[in-house]
Amino acid sequence: MTEHHARKRFGQNFLSDPNIIRKIVDAIRPAVGDTIVEIGPGLAAMTDPLVERLGHMHVVEIDRDLIARLKERYTPERLTIHEGDALKFDFGTLGAPLRVVGNLPYNISTPLLFHLASFAESVTDMTFMLQKEVVMRMVAEPGTEEYGRLSVMLQYRFRMARLFDVPPGAFRPAPKVTSSIVRMVPLPPDQLGAQDEALLGRIVAAAFGQRRKTLRNTLRDFLDEQDFAALGVDPGLRGERLSVTDYVNIANHVAKKGVSA
Ligand code: SAM
């Protein structure tokens, strides 16, 4: 088969280091009977050992050339190929409980994580390779430079752990940055706590929209001085000082005000 030329627009960097591939697959711990979907199988570096252990799995791939290769390589009994954009894919159609894995295309990682978060209720766990810098933002603690909207919105819904780093040399072509493996496990729905999740999202976006400004400014559409006092939150702080629980409390306070107003 002819060589595949990596396409930048699809964020293609293919894993080529067998030790790293083994380490990632071991971290996923695939077991017969699991329903696993891989986003962006590419040249099947991870797909091969996963299918070997599982017998059957799903993949979502956008690149037609790569899809043609996958069709030549696997029978439909071993691999169900969903052709198209993972950003638009309805992961709910694969049934629950679902496990999601992938060496994600870095150019769409943030919108993809938000899209996937909307299927959290059908998912057991997700194990992804992402740019290390993005993983550091996902797992960041309040008060740190990396802590922001991505940290709050994902930590609201998932328990997350950075498992290990992967150097650029493990890929062909080599990316410019170091990558990390992150595991995301959805929290039980009764532990989430926000009465209106869309409102929580709007408040968090506002709080981090202008990082240099204080909450008094960024949240002025939601809270007045009395609200800050009732919540026990100092309006002179910046958004990065508040915990996920603080944001949930704020959202629920605003939701209650809206109802009683
Ligand atoms: N899993 C392979 C590996 O580890 O060698 C390839 C990883 S490569 C970083 C990203 C893969 O995602 C490529 O196969 C690319 O074509 C695919 N991809 C890019 N954008 C996509 C999208 N929107 N939906 C589905 N797949 C996409």
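Above: the structure in question.
Bear in mind that the values here come from a model prediction, so they are computed numbers and not experimental data.

A. Examining the site of the ligand more closely. What surrounds the ligand is a group of 22 residues, the closest being Leu15, Gly40, Glu61, Asp85 and Asn103. Taking Glu38, its side chain carries an N or O atom lying 3.5 Å from a nitrogen atom of the ligand. Here Asp85 contributes a side-chain N or O atom positioned 2.8 Å from a nitrogen atom of the ligand. Protein chains bury 98% of the 590 Å² of accessible surface belonging to the ligand in isolation. Looking at the shell around the ligand, the elements that each hand over two or more residues are strand E1 (14-15) and strand E3 (57-61). For the shell around the ligand, the class distribution of residues is 11 nonpolar, seven polar and four charged.

B. Up close: the packing of helix H6 (residues 149-157) against helix H7 (residues 197-209). Two numbers describe how H6 lies on H7: the axes approach to 9 Å, and their chain directions differ by 155°. Taken together, H6 and H7 sit at an angle that is classed as roughly antiparallel. In the packing of H6 onto H7, the handedness of the crossing is right-handed. For the pair H6 and H7, contact is made by Arg149, Val152, Met153, Tyr156 and Arg157 and by Glu197, Leu200, Gly201, Val204, Ala205 and Phe208, respectively. Among the residues making up the contact of H6 with H7, the classes are represented as seven nonpolar, one polar and three charged.

C. Summary view of the sheet that holds E3. Taken in spatial order, the seven strands of this open sheet run E4-E3-E2-E5-E6-E9-E7, and their pairing is mixed. Two strands in the sheet have a free side with no partner beyond their single neighbour: strand E4 (79-83) and strand E7 (158-166). Shown here is a sheet whose adjacent strand axes are inclined to one another by a mean of 20°, direction ignored. Pairing of strand E2 (residues 35-39) with strand E5 (residues 98-103), which is carried by five bridges, proceeds in the parallel orientation. By the bridge assignment, Glu38 is partnered in E5 with Val101. Where H6 meets the sheet, its contacts fall on E7 and strand E9 (179-186), and the angle it forms with E7 comes to roughly 115°.

Conventions and cut-offs
- Residues numbered from 1 in each chain as written.
- Predicted model: local features only at pLDDT ≥ 70, side-chain atom pairs only at ≥ 80, totals over all residues.
- Heavy atoms only, no water.
- Near = heavy atom within 4 Å.
- Polar contact = N/O pair within 3.5 Å; in protein donor to acceptor, adjacent residues only side chain to side chain.
- Areas by Shrake-Rupley, 256 points an atom, 1.4 Å probe, with all protein chains shown as cover.
- Helix = DSSP H or I, 4+ residues; strand = E, 2+ residues; numbered from the N terminus.
- Nonpolar A, V, L, I, M, F, W, Y, C, P; charged D, E, K, R; others polar.
- Axes fitted to C-alpha atoms, helices over the stretch in contact; angles between N-to-C directions.
- Parallel < 35°, antiparallel > 145°, perpendicular 65-115°, else oblique.
- Left-handed = near helix turned anticlockwise from the far one by under 90°.
- Contact = heavy atoms within 4.5 Å.
- Pairing = 2+ DSSP bridges.

No statement about biological role is implied by the geometric values presented.
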